[in-house]
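Residues per chain, in single letters:
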Amino acid sequence: MAEENPFVYGEIAGAGAFANREAERDRLVRDLEAGQKVFLISPRRYGKSSLIRDVLDRLARQRVITVEVTVAASSSYVGFLEAYAQALVQAETPAARVRRWVGELFRSVTPELRLESVPPGEPRLSLAFPAVRTARDTARLAAEVFALPGRIAAARRQKVAVALDEFQAIAAFDGGSVEQALRAAVQTQRTVGYVFAGSEPSVMDRMLGPRRPFYKAGPVMRLDKIDPAVLASFVEARFTASGLRPQAGLGEAIVDLGANVPYDVQRLAHETWDDVRAAGRRTAGLEDLHVTLTRLLGEQHTVFEAAWQRLTLAQRAVLRAAVLDGGRGLLSAGARVRHRLPGASTVQAALAALVRQDVLLKDGPRYAVSDSLFREWVARATC
Ligand SMILES: Nc1ncnc2c1ncn2[C@@H]1O[C@H](COP(=O)(O)OP(=O)(O)OP(=O)(O)O)[C@@H](O)[C@H]1O
Ligand SMILES: [Mg+2]
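This section reports on the structure supplied with the text. Given the structure is predicted, the values throughout are model-derived calculations rather than measurements.

1. Some remarks on the nonpolar core
Across soluble globular proteins, you tend to see nonpolar side chains buried next to one another.
Part 1 of the argument: Leu81 and Val195 are the most contacted members of the largest nonpolar core, which has 57 residues in total.
Part 2 of the argument: When residues no more than four places from it in sequence are discounted, the contact partners of Leu81 are Leu141, Ala142 and Val145.
Part 3 of the argument: In terms of nonpolar packing, the next biggest core, distinct from the first, is built from 26 residues, Ala19, Val235, Ala253 and Leu257 among them.

Take a look at the structure:
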C-alpha cells in the first residue's frame, strides 16, 4: 500500500500535519470569540497562517462567521478593499443570495457584481468598485467596507472572526490613513474578533508603537518556534505512522538542521521521506538525511549562486561569518580578525542589509540565516 507523504511544506499545514501550538490555538480561539483585536507576530514561516486556518476552522464549527484575507496579495488599496469586501459578503452566503445580501449591506457605495463562470465549475462572484477614483472616494469606500463585519454580525446575529494575514503590507497602501480608518471601525465592533498577523516583526512593532492608530488596540501574541523536543518527536511519530521506521536521533537531527523553523523542518522531513520511500526501504536514518540534503543543495545550486552574486563583498563576508560562527559576536574584534571582516560600521551596515533582504533574521542576540538550505550551501560552496 502506498502511504502518502505525511509532511507538508509550502502550504498551510492542515490538522494532520500540525504539531503542538495548543496553548496558542486555545488562546486565539478564546480571544476571537470574545471579540478581541489580536496581533499575531512572528518571523516568516513560523506557522502563523497555519495557526490562523486551524483557529478559524474551529470557530466556524462553533457557528462563528469567519473571513480570511491576505493583505499582501493586493497591489493597491482599492484592490485590497475589493478583495476584503468580496470575502466578507461571501462568507457563509450561498451564491444565489449574494446579490440581495450586498444590497442590504452597502449604504453609501454600490459595488459592481459579476458572476464569472470559470469552467469547469461553480460560478465565481467578483466584486469591484469601478466608480472609485479619487482619494476621497477611496476613504469613503474604506469606511463602508471596514464597517461591514459589524453589520454582518448584527444582521446575522452571529459572531464574526476576521483574519487579516500579512497585515504589515497595509502600511504601504496609504500611509497612516488606512490604519486610522480601520482602527476607528474595529473598535466599535464588539462581536467581531480580529487577528492581524504580520511576518515582519520590526514593521509590526512600529505599527503598534505610540502615536500610531493601533497603539494598545489589543493583545499582542508572538509566535515562537515550537519546542524542539516536541517537534522532533512529532517528526518521528509521523515517520512511524506512515510505515517508515526512524532510526534513533533522526527527528532531532532534522529539527537541528532545519534550525527548528517549522517550514524548514517539514521540508527536510518531507524530502527525506520521499527519498527513502523511492529507494524502497523501510527505515530512515541520518545517512538518508544527508543524502537528501546533498540532493536539495544540488537542485538549489543555481538559485543560491545567483543570490550570493547579488550580495556585496562585505555582505558575503559577513554572511559567511554568521554561518560559521552561528550568528553570534559578529561585531567583536576577534570575529573581525578571524573572518577578515571590514570595520565595525561596515559590518553593521551589511548585517542590516542582509536582514532587509530577508537573508538573515535577528533571533534574540544572534543572526540566523532565514533559509537553512542556503545556510548549508554557504558553508559548503563558498570560501
Ligand atoms: N504547527 C505546525 N506544525 C508543523 N508544521 C508547521 C506548523 N505550523 C507551520 N508548519 C510548517 O511551516 C510551514 C509554514 O507555515 P505557515 O505558512 O503557516 O507560516 P507563516 O508564519 O504564515 O509563514 P509566512 O510568514 O511565510 O506567511 C507550513 O507549510 C508547514 O510546513
Ligand atoms: Mg503566512
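2. Some remarks on helix α7 (residues 176–186)
Part 1 of the argument: For α7, the complete set of buried residues consists of Val178, Glu179, Leu182 and Val186. The buried side chains of α7 occupy one side of the element, clustering within an arc of 95° when seen end-on.
Part 2 of the argument: Considering only its buried residues, α7 is in contact with β1 (37–41), α3 (77–90), α5 (135–156), α6 (171–174), β6 (192–198) and α8 (201–207).

3. Digging into the sheet that holds β1
Part 1 of the argument: What the five strands build is an open sheet, ordered β2-β5-β6-β1-β7; its pairing is parallel. With one partner strand each, in any of the chains shown, β2 (65–70) and β7 (220–222) form the two edges of the open sheet. Ignoring which end each strand starts from, the neighbouring axes of this sheet average 15° apart.
Part 2 of the argument: Of the strand pairs in this sheet, β1 and β6 are connected by five bridges, and their pairing is parallel. Bridging from a neighbouring strand, Val38 pairs with Val195 of β6.
Part 3 of the argument: Strands in contact with helix α1 (residues 22–33) are β1, β5 (160–165), β6 and β7; relative to β6, the strand with the most contacts, it is inclined by about 135°.
Part 4 of the argument: Against the sheet, α5 contacts β2, β5 and β6, and its axis sits at roughly 155° relative to β5.

4. A few points about the site of ligand 1
Part 1 of the argument: Gly47, Ser49, Ser50, Ser199 and Gln266 are the nearest of the 23 residues found near ligand 1.
Part 2 of the argument: Counting residues per element, the ones that place at least two in the shell around ligand 1 are α2 (48–61) and α11 (262–278).
Part 3 of the argument: Two domains each put at least three residues into the shell around ligand 1: domain 1 (21–222) and domain 2 (226–310).

The rules behind each value
- Residues numbered from 1 in each chain as written.
- Chains lettered and ligands numbered in written order.
- Predicted model: local features only at pLDDT ≥ 70, side-chain atom pairs only at ≥ 80, totals over all residues.
- Core = buried A, V, L, I, M, F, W, Y, C linked by C-beta atoms within 7 Å.
- Buried ≥ 20, exposed ≤ 12 C-beta atoms within 10 Å, placed from the backbone.
- Contact = placed C-beta atoms within 7 Å.
- Helix = DSSP H or I, 4+ residues; strand = E, 2+ residues; numbered from the N terminus.
- Arc of directions from axis to C-beta.
- Pairing = 2+ DSSP bridges.
- Axes fitted to C-alpha atoms, helices over the stretch in contact; angles between N-to-C directions.
- Near = placed C-beta within 6 Å.
- Domains from an automatic or database assignment.

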